[in-house]
Amino acid sequence: MAFPLFKTKLDGSSRDFDLTDPKDRQAYFELKTGKEIKKLREYLQKNTFIAYFLGKKNSGKGTYAKIFKEVVDKDRIEHFSIGDMVREFDKTIVDKNKRKELIDFLRKNYRGFLSLDKIISFLEKRSTKILLPSELILVLAKREIAKKGRKALFIDGFPRDLDQISYSLFFRDLINYRNDPDIFVLIDVPESVIDERIKYRVVCPLCQTSRSLKLFPTKKTGYDKKEDKFYLLCDNPDCPSAQTGRGARMVQKEGDEFGIEPIKNRLKTDEELIEQAFSLYGIPKVLLRNSVPIEKAKEFVEDYEITPEYNYQLDKETNKVKIIKKPWQVLDDEGVSSYSLMPPPVVVSLIKQIVTALGL
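Calculation notes
Residues numbered from 1 in each chain as written. Predicted model: local features only at pLDDT ≥ 70, side-chain atom pairs only at ≥ 80, totals over all residues. Heavy atoms only, no water. Helix = DSSP H or I, 4+ residues; strand = E, 2+ residues; numbered from the N terminus. Rg over C-alpha atoms; globule rule 2.2 N^0.38 Å. Buried < 20%, exposed > 50% of the residue type's maximum accessible area, 1.4 Å probe, protein only. Contact = heavy atoms within 4.5 Å. Areas by Shrake-Rupley, 256 points an atom, 1.4 Å probe, with all protein chains shown as cover. Lys, Arg positive; Asp, Glu negative; His and termini not counted. Charge placed at Lys NZ, Arg CZ, Asp CG, Glu CD. Pairing = 2+ DSSP bridges. Axes fitted to C-alpha atoms, helices over the stretch in contact; angles between N-to-C directions. Core = buried A, V, L, I, M, F, W, Y, C linked by side-chain atoms within 4.5 Å. Parallel < 35°, antiparallel > 145°, perpendicular 65-115°, else oblique. Nonpolar A, V, L, I, M, F, W, Y, C, P; charged D, E, K, R; others polar.

(A) Summary view of the overall build of the protein. Within the protein, the regular secondary structure consists of 12 helices and 14 strands. Rg of the C-alpha trace for the protein: 22 Å, near the compact-globule value of 21 Å for 360 residues, within the 12% margin. The dimensions of the protein, computed from C-alpha atoms along their principal axes, are 70 × 50 × 40 Å. Here the protein holds 360 residues, and 46% of them are scored as buried. Long-range contacts, defined as pairs at least 24 residues apart, comprise 71% of the intrachain contacts of the protein with a sequence gap of at least 6. Summed over its atoms, the accessible surface of the protein is roughly 19,700 Å², and 48% of this surface lies on carbon and sulfur atoms. Here the protein holds 66 positive side-chain charges and 56 negative ones, and the gap between their average locations is 4 Å.

Structure representation (structure tokens):
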């Protein structure tokens, strides 16, 4: 399936924006899609919708939902991650204080092919890599969504497997959003982008802030002469290391050096899910594309909408690290030289297409 290019470049506009700055980002969205944002805000005064994000692992689903919420309506939009819900569930099932309340809820609401006792026994022993039964996911999601009040929802992580596609068609009925429009949001991200996002990801060992040595550095960098490599220092003001004035050295997660290799099967399943969802009738689709061929970039996007990459050089005279910034070039899944896009232009496309899907 082909994801069309979406033009965010405005002819005649010469203003540049720093898309990492919240104020600049707000002005950017007002210029690019102000009319559509106004329509959505008016719609959300009395209505909601459900959008299912379908994209490969690390395709940016959470980031797109967060920015959409930030610029449209923080109070009436909710990003609901099935993965976060399951992780919290795993903690609850071993917590004696919270466990009883959860089990009481499940005894009243769970319906499925496995007995609840078997499911609980399975949960206590399961690896987190094993998927929960779809029937359990549904009842847990219904429980958590009810706590959030009636809002527009971006569902991240459901459907997760091919057998859950049919469940998603009736998900809005199951959570009592019976008359709300529902939309599939399909995301196309080259695997080369996902690979490098994983390989260059680093986290602070103290506060768990995540950054990227290549794509999203901190303001503080350093050079390890012994290991002959550059590193980032955490600049989160709330980090315990901030009190020292230096910041903790950020480190790579175990296994990230392998990139997408350990998740190849997962990425293949994600791709099959996207293709199957695209073939369904009766539900609108929004198609988001993360990359643009280099030869078409000048026509479709602004220079500042292209994801930059960061390289480092050590000035031997001053012993300081020099950061070199340039557009990040990747090969898409067809082998075409492309630029990866920053999240805001992708969200511009998301906003405009949702407005169309809702008939506003």
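(B) Up close: the sheet that holds strand S10 (residues 291-293). If you walk across this open sheet you meet the 3 strands as S10-S14-S13, and the pairing is antiparallel. Looking at strand neighbours, the two that pair on one side only are S10 and strand S13 (329-331), the edges of this open sheet. On average, each strand axis in the sheet is inclined to that of its neighbour by 45°, with strand direction left out of account. In terms of strand pairing, S13 meets strand S14 (residues 337-340) through 3 bridges, oriented antiparallel. Along S14, the bridge assignment pairs valine 330 with serine 338.

(C) Inspection of the nonpolar core at higher detail. Of all hydrophobic cores here, the largest spans 52 residues; its most connected members are Phe49, Phe68, Phe154 and Ile354. Of the residues forming this core, the biggest block, 7 residues, is contributed by helix H12 (residues 343-357). Discounting residues that sit within four places of it in the chain, phenylalanine 154 has contacts with Phe49, Ala51, Phe53, Ala65, Phe68, Ile77, Glu78, His79, Phe80, Leu350 and Ile354. With 35 residues, the next largest nonpolar core counts Ile145, Phe184, Ile283 and Leu287 among its residues.

(D) Local environment of the environment of leucine 31. Take leucine 31: it is sitting in helix H1 (residues 22-44). Owing to a relative accessible area of 40%, leucine 31 belongs among the partly exposed residues under this scheme. Distance from leucine 31 to serine 13, taken between C-alpha atoms, is 9.6 Å for residues 18 residues apart in sequence. In contact with leucine 31, not counting residues within four places along its chain, are Leu10, Ser13 and Phe17.

(E) Seen up close, the sheet that holds strand S9 (residues 285-289). One open sheet holds the 5 strands; their spatial order is S2-S3-S1-S4-S9, and the pairing between them is parallel. Whereas interior strands pair on both sides, the edge strands pair on one side only; in this sheet they are strand S2 (77-81) and S9. Across this sheet, the average inter-strand angle for adjacent strands is 20°, counted without regard to direction. Where strand S4 (residues 182-188) and S9 come together, 5 bridges link them in parallel fashion. Its bridge partner lying in S9, leucine 186 is registered against leucine 287.

(F) Quick look at the packing of H1 against helix H2 (residues 61-72). Contact geometry of H1 with H2 gives a least axis separation of 8 Å together with a crossing angle of 80°. Between H1 and H2, the angle falls in the class roughly perpendicular. Across the interface between the two elements, Arg25, Gln26, Phe29, Ile37, Leu40, Arg41 and Leu44 from H1 touch Ile67, Phe68, Glu70, Val71 and Val72 from H2. Here the contact of H1 with H2 is built from residues that sort into 8 nonpolar, 1 polar and 3 charged.

(G) Representation of the pairing of strand S1 (residues 50-54) in the model. Burial within S1 is extensive, with 5 of its 5 residues counted as buried. Residues of S1 alternate between two faces, with Ile50, Tyr52 and Leu54 on one and Ala51 and Phe53 on the opposite face, all of them buried. Sheet topology note: the S1/strand S3 (residues 152-156) ladder contains 4 bridges and is parallel. For alanine 51, the partnering residue across the bridge sits in S3 and is phenylalanine 154. Summarising the sheet, S1 and S4 pair through 5 bridges and their orientation is parallel. Paired with phenylalanine 53 across the bridge in S4 is valine 185.

Function cannot be inferred from these measures alone, as they are strictly geometric.
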